[in-house]
Amino acid sequence: MAIRFLSIDSKTIDAVTLEDAKNAVMSQLIPSELEITVAGDFVVQDVLDMILQYIGTVPPHTNSQYKVKDAPKQFGDVPALQLPGRHLDLELEDSDPRAVAYVAGAAPNEWGFLADGSTVAKRVSEADKRASDYDKQRRAHPLFGNAALALISEIANRRLFSTVRERKQLTYDANFSLTSFKRMKGGWFLVTVTASKEKAQAALEACKETLQALRTTNPISPDNLESAKRVVLNRHEGELRTSEYWATMMSGIQEESIPLKGPLSVTDFNVVIESMTTKDLQLALECLGLEESNLYTAIGKTVQPEGLVDDGIVKASPMAGMGRGGALTG
């Protein structure tokens, strides 16, 4: 389980030579393997002419000497987590008393592929023995898994906020996220909750309880679903105003390594989101490793550095509305 507080150290960076950097960059610039995504207000033929002039005339074998030998032709799968899950406690030196807790487990990738190669759509269809022809048709759409995970993520975030922060008042920030790998099959979900050192364990337990309730005692309601749909669709509509979002949506649309990403993932986004039902999401939840024995958890707490002198200045406590992320990462 990769819960780390590490970054590249200066020694590793200093060890990189010009030749290392050149090989790394040039190995990615093989003309025959390039994908170009262009988004914006332009005349299509003008852009096509420029692509032909500046890239299309480059010999296809240019930079082939930098190509990595024996590189795998297919992306691998995310390694299966060792079960049962584990718990980790760690301490980091910092002058401010604070803590962060994590809850993590297995999940599909962004397009609904699990580490074993199955998909969210397949798992949901197999679990629903009484599915109508309409349900089978909806779930066969290539965007089904992606849409289900987007809505689940939104609902989980709202549940964590309302339960752990508002009702139990154990945290000032709790966040549910998915790793969202595109090519690698499988991934992880991660709940990050910031709290005081004294409340960190209680906040961790509250997060676990919230996730368990979501799949058992307090399942997804129609109100939860409709609210999540509004948020996801409004975010999508807002981001459609940016060229960056269009480029992201179009990127990889022709790649065989992302088989479910195609033109329909762009044109049918609203339709697929609107068609999702609470049953779809409840069954899709079972594709995540939410069972108690499958969870990996961690609590990180700060300890005062040795010899630190208290300056007597009272520091303000973190307030609601601060940026999301771990309390120990900023």
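Residues numbered from 1 in each chain as written. Predicted model: local features only at pLDDT ≥ 70, side-chain atom pairs only at ≥ 80, totals over all residues. Heavy atoms only, no water.

1. Remarks on unusual backbone geometry
Logical step 1: A cis geometry characterises the amide bond from Leu83 onward to Pro84, with omega recorded as 0 degrees.
Logical step 2: Phi is positive for Asn63, which is not a glycine, with a value near 70 degrees.
Logical step 3: Looking at the secondary structure, you find Asn63 in the loop between helix 3 (44-56) and strand 1 (87-93).
Logical step 4: Judged by its relative accessible area of 13%, Asn63 is buried.
Logical step 5: Positive phi is not limited to glycine here, since Gln169 has a value of about 50 degrees.
Logical step 6: Along the chain, Gln169 falls in the loop between helix 6 (144-167) and strand 3 (173-178). (Helix = DSSP H or I, 4+ residues; strand = E, 2+ residues; numbered from the N terminus. Buried < 20%, exposed > 50% of the residue type's maximum accessible area, 1.4 Å probe, protein only.)

2. Quick word on the sheet that holds strand 3
Logical step 1: The strand order across the open sheet built from 5 strands is 1-5-2-4-3, with neighbouring strands paired in mixed fashion. Every interior strand has two partners, whereas the edge strands, strand 1 and strand 3, have only one. Averaged over all pairs of adjacent strands, the angle between strand axes in this sheet comes to 15 degrees, irrespective of strand direction.
Logical step 2: Strand direction decides the pairing type here: strand 3 and strand 4 (residues 187-195), joined by 6 bridges, are antiparallel. Residue pairing across strands places Phe176 opposite Val191, the latter belonging to strand 4. (Pairing = 2+ DSSP bridges. Axes fitted to C-alpha atoms, helices over the stretch in contact; angles between N-to-C directions.)

3. Observations regarding the packing of helix 6 against helix 12 (residues 278-285)
Think of two packed helices as two axes; the pair is described by the angle between the axes and how far apart they sit.
Logical step 1: As a packed pair, helix 6 and helix 12 sit with axes 10 Å apart at the nearest point and diverge in direction by 85 degrees. In terms of their interaxial angle, helix 6 and helix 12 are classed as roughly perpendicular. Each of Phe144, Ala148, Leu151, Ile152 and Ile155 in helix 6 lies in contact with helix 12, whose residues at this interface are Asp280, Leu281, Ala284 and Leu285.
Logical step 2: Grouping the amino acids of the contact of helix 6 with helix 12 by side-chain chemistry returns 8 nonpolar, no polar and 1 charged. (Parallel < 35°, antiparallel > 145°, perpendicular 65-115°, else oblique. Contact = heavy atoms within 4.5 Å. Nonpolar A, V, L, I, M, F, W, Y, C, P; charged D, E, K, R; others polar.)

4. Brief notes about a nonpolar patch on the surface
Logical step 1: Taken together, Val25, Leu29, Leu34, Ile36, Val38, Phe42, Val44, Leu48, Met50, Tyr54 and Ile55 make up a surface patch of nonpolar side chains, about 970 Å² in accessible area.
Logical step 2: Per-element tally for the nonpolar patch: the top contributor is helix 3, with 5 residues.
Logical step 3: Residue position: Val25 is located in helix 2 (residues 18-26).
Logical step 4: For Val25, a relative accessible area of 48% puts it in the partly exposed group. (Patch = residues over 30% accessible without salt bridge, like charges linked within 9 Å, V, L, I, M, F, W, Y side chains within 5 Å. Areas by Shrake-Rupley, 256 points an atom, 1.4 Å probe, with all protein chains shown as cover. Salt bridge = Lys/Arg side-chain N within 4 Å of Asp/Glu carboxyl O.)

5. Quick word on the pattern of salt bridges
Logical step 1: Counted under the stated rule, the structure contains 18 salt bridges.
Logical step 2: Between Arg139 and Asp128 there is a salt bridge, and its shortest N-O distance comes to 2.9 Å. You can see Arg139 sitting in helix 5 (residues 133-139) and its partner Asp128 sitting in the loop between helix 4 (120-127) and helix 5, a full 11 residues away along the chain. Pair check on accessibility: Arg139 and Asp128 agree, each one buried.
Logical step 3: For Asp128, a relative accessible area of 6% corresponds to the buried category.

6. Quick notes on the packing of aromatic side chains
Logical step 1: A full pass over the atoms with the stated rule returns 2 aromatic pairs.
Logical step 2: When the ring of Phe181 is compared with that of Trp188, the centres are 5.8 Å apart and the planes differ by 75 degrees; the resulting orientation is edge-to-face.
Logical step 3: Classification of Phe181 as partly exposed rests on a relative accessible area of 26%.
Logical step 4: When its relative accessible area of 19% is taken as the criterion, Trp188 is described as buried. (Phe/Tyr/Trp six-rings, centres within 6.5 Å; stacked < 30°, edge-to-face > 60°.)

7. Observations concerning the nonpolar core
Logical step 1: Counting 52 residues, the largest nonpolar core has Leu151, Phe176, Phe189, Val191, Met276, Leu281 and Leu288 as its most contacted members.
Logical step 2: The dominant element in this core, judged by the number of residues it contributes, is helix 6, at 10 residues. (Core = buried A, V, L, I, M, F, W, Y, C linked by side-chain atoms within 4.5 Å.)

8. Notes on the confidence of the model for the chain
Logical step 1: Residue-level pLDDT values for the chain average 88, and 89% of them are 70 or greater.
Logical step 2: Every residue in residues 1-5 is under pLDDT 50, and counting partners more than four places away or in other chains gives 11 contacts.
Logical step 3: Every residue in residues 314-330 scores below 50 in pLDDT, and together they form 28 contacts with partners more than four places removed in sequence or on other chains. (pLDDT = per-residue confidence, 0-100.)

9. Digging into the side chain of Asn63
Logical step 1: Of the polar contacts made by the side chain of Asn63, one reaches the backbone oxygen of Leu29; its length is 3.0 Å.
Logical step 2: Among all residues touching Asn63, those that are not within four sequence positions of it are Met26, Leu29 and Ile30. (Polar contact = N/O pair within 3.5 Å; in protein donor to acceptor, adjacent residues only side chain to side chain.)

10. Side note on the environment of Ile258
Logical step 1: Mapping Ile258 onto the fold places it in the loop between helix 9 (243-250) and helix 10 (264-267).
Logical step 2: Residues Ile258 and Lys182, spaced 76 residues apart in sequence, show a C-alpha to C-alpha distance of 6.6 Å.
Logical step 3: Residues contacting Ile258, with those up to four places away along its chain left out, are Trp111, Lys182, Arg183 and Gly252.

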